[in-house]
Amino acid sequence: MPPALEPPLPPHSSPLTPEQLNAAEPGAAEAALLTCCGSRLWARRLVAHRPYPDLEALLAASDEAAYDLPLADLAEALACEPLRPVLPRQGTYSAAHTALRAAHAAYESRFGHVFVICLDDVPPSQALDHLLAGIRARLANDPEEERVTAAEEMRKLARGRLTRLVHDLNSPYVPV
């Protein structure tokens, strides 16, 4: 599947409650979960372990499903991530965005997939700096170390996306 150019969005307009996720047909539940992480194995594992009594149980199952994703399934999830981050342009310098594009290109050349980092706890005003520092630091990783780091970042991204899927939070979503 080609990488998404826009952040994945739930295929519905209202929040998906744990009860709705539990009651959904397997295909519909899997499609909703795939908006949070592009690994079909991860989504199928979550669908198979329903019902979830609450968000905490869903997040725990998500963590468990993400911790031991085989390399091919991690690659599938990474391939579904947007090619470039969606960052606010207000107050930022074009030089920083140029540096970010160059860093992304170097990262993708070195590791063969897009750079992912969870910025859920980073204030929007600091997102670009945090992103640049993260990508520059991780370029020094060896491929195995970076695979582990990317998998952990995917796990964190999935948690945040699941939380927003279930609660329809209005927190900024910055896929990178």
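Attention in this report is confined to the structure presented alongside it. (Residues numbered from 1 in each chain as written. Predicted model: local features only at pLDDT ≥ 70, side-chain atom pairs only at ≥ 80, totals over all residues. Heavy atoms only, no water.)

1. As for the overall build of the chain
- Secondary structure assignment for the chain yields 8 helices and 0 strands.
- Ordered by position from the N terminus, the helices and strands of the chain form the series α-α-α-α-α-α-α-α.
- Considering only intrachain contacts with a sequence separation of at least 6, the fraction spanning at least 24 residues in the chain is 72%.
- About 9,100 Å² of surface is accessible on the chain, with carbon and sulfur atoms providing 58% of the total. (Helix = DSSP H or I, 4+ residues; strand = E, 2+ residues; numbered from the N terminus. Contact = heavy atoms within 4.5 Å. Areas by Shrake-Rupley, 256 points an atom, 1.4 Å probe, with all protein chains shown as cover.)

2. Quick look at helix H5 (residues 71-79)
- Residues of H5 that are buried include every one of Asp73, Leu74, Glu76, Ala77 and Leu78, and no others.
- Of the surrounding secondary structure, the elements contacted by the buried residues of H5 are helix H3 (40-48) and helix H8 (143-167). (Buried < 20%, exposed > 50% of the residue type's maximum accessible area, 1.4 Å probe, protein only.)

3. Notes on the nonpolar core
- Grouped together as the largest cluster of nonpolar side chains are 47 residues, with contacts concentrated most on Leu33, Trp42, Leu46, Leu58, Met154 and Leu162.
- Going through the elements one at a time, helix H2 (26-34), H3, helix H4 (55-67), H5, helix H6 (94-111), helix H7 (127-138) and H8 are the ones with two or more residues in this core.
- Per-element tally for this core: the top contributor is H8, with 8 residues.
- If we skip the residues at most four places from it in the chain, leucine 33 touches Leu21, Trp42, Ala43, Leu46, Val47 and Leu162. (Core = buried A, V, L, I, M, F, W, Y, C linked by side-chain atoms within 4.5 Å.)

4. A few points about the packing of aromatic side chains
- This model, assessed by the stated rule, comprises 2 aromatic pairs.
- Considering the side-chain rings of tyrosine 107 and phenylalanine 111, the 4.8 Å spacing of their centres and the 50° angle between planes classify their relative orientation as tilted. Taken as a pair, tyrosine 107 and phenylalanine 111 lie in helix H6 at a separation of 4 residues, close to a single helical turn. No difference in accessibility class separates tyrosine 107 from phenylalanine 111, as the two residues are buried.
- Following the ring pairs from residue to residue traces out a cluster consisting of Tyr107, Phe111 and Phe115. (Phe/Tyr/Trp six-rings, centres within 6.5 Å; stacked < 30°, edge-to-face > 60°.)

5. Topic: the state of the cysteines
- Inspection of every chain in the model, using the stated rule, returns 0 disulfides.
- Considering cysteine sulfurs only, cysteine 37 is the nearest to cysteine 80, which forms no disulfide, with 8.2 Å between them. (Disulfide = S-S within 2.5 Å.)

6. Some remarks on the pattern of salt bridges
- Enumeration over the complete set of coordinates arrives at 10 salt bridges.
- Here glutamate 76 and arginine 40 are joined by a salt bridge, their closest N and O atoms 3.0 Å apart. Taken together, the residues span a long stretch of sequence, with glutamate 76 in helix H5 and arginine 40 in helix H3 at a distance of 36 residues.
- Owing to a relative accessible area of 17%, glutamate 76 belongs among the buried residues under this scheme. (Salt bridge = Lys/Arg side-chain N within 4 Å of Asp/Glu carboxyl O.)

7. Focus: the packing of H6 against H8
- Where H6 contacts H8, the two axes come as close as 11 Å, and the packing angle between them is 115°. Our classification of the angle between H6 and H8 gives roughly perpendicular. For the pair formed by H6 and H8, the contact residues are Tyr107, Arg110 and Phe111 on the first element and Pro143, Glu146 and Ala150 on the second.
- Residues that form the contact of H6 with H8 fall into these classes: 4 nonpolar, no polar and 2 charged. (Axes fitted to C-alpha atoms, helices over the stretch in contact; angles between N-to-C directions. Parallel < 35°, antiparallel > 145°, perpendicular 65-115°, else oblique. Nonpolar A, V, L, I, M, F, W, Y, C, P; charged D, E, K, R; others polar.)

8. Points about empty space enclosed by the protein
- Tallying each qualifying case throughout the model produces 1 cavity of 30 Å³ or more.
- Computed from the structure, the largest cavity encloses a volume of approximately 50 Å³.
- Lining the largest cavity, in full, are Cys37, Trp42, Ala66, Leu69, Leu74, Ala151, Met154, Arg155 and Ala158.
- Per-element accounting of the lining of the largest cavity gives the leading share, 4 residues, to H8.
- When the residues that make up the lining of the largest cavity are grouped by side-chain class, the tally is 8 nonpolar, no polar and 1 charged. (1 Å grid on protein atoms, 1.4 Å probe; cavity = no way out; pocket = protein on both sides within 12 Å on 5 of 7 lines; lining within 4 Å. Points joined across faces, edges and corners; volume = space filled by probe spheres on them.)

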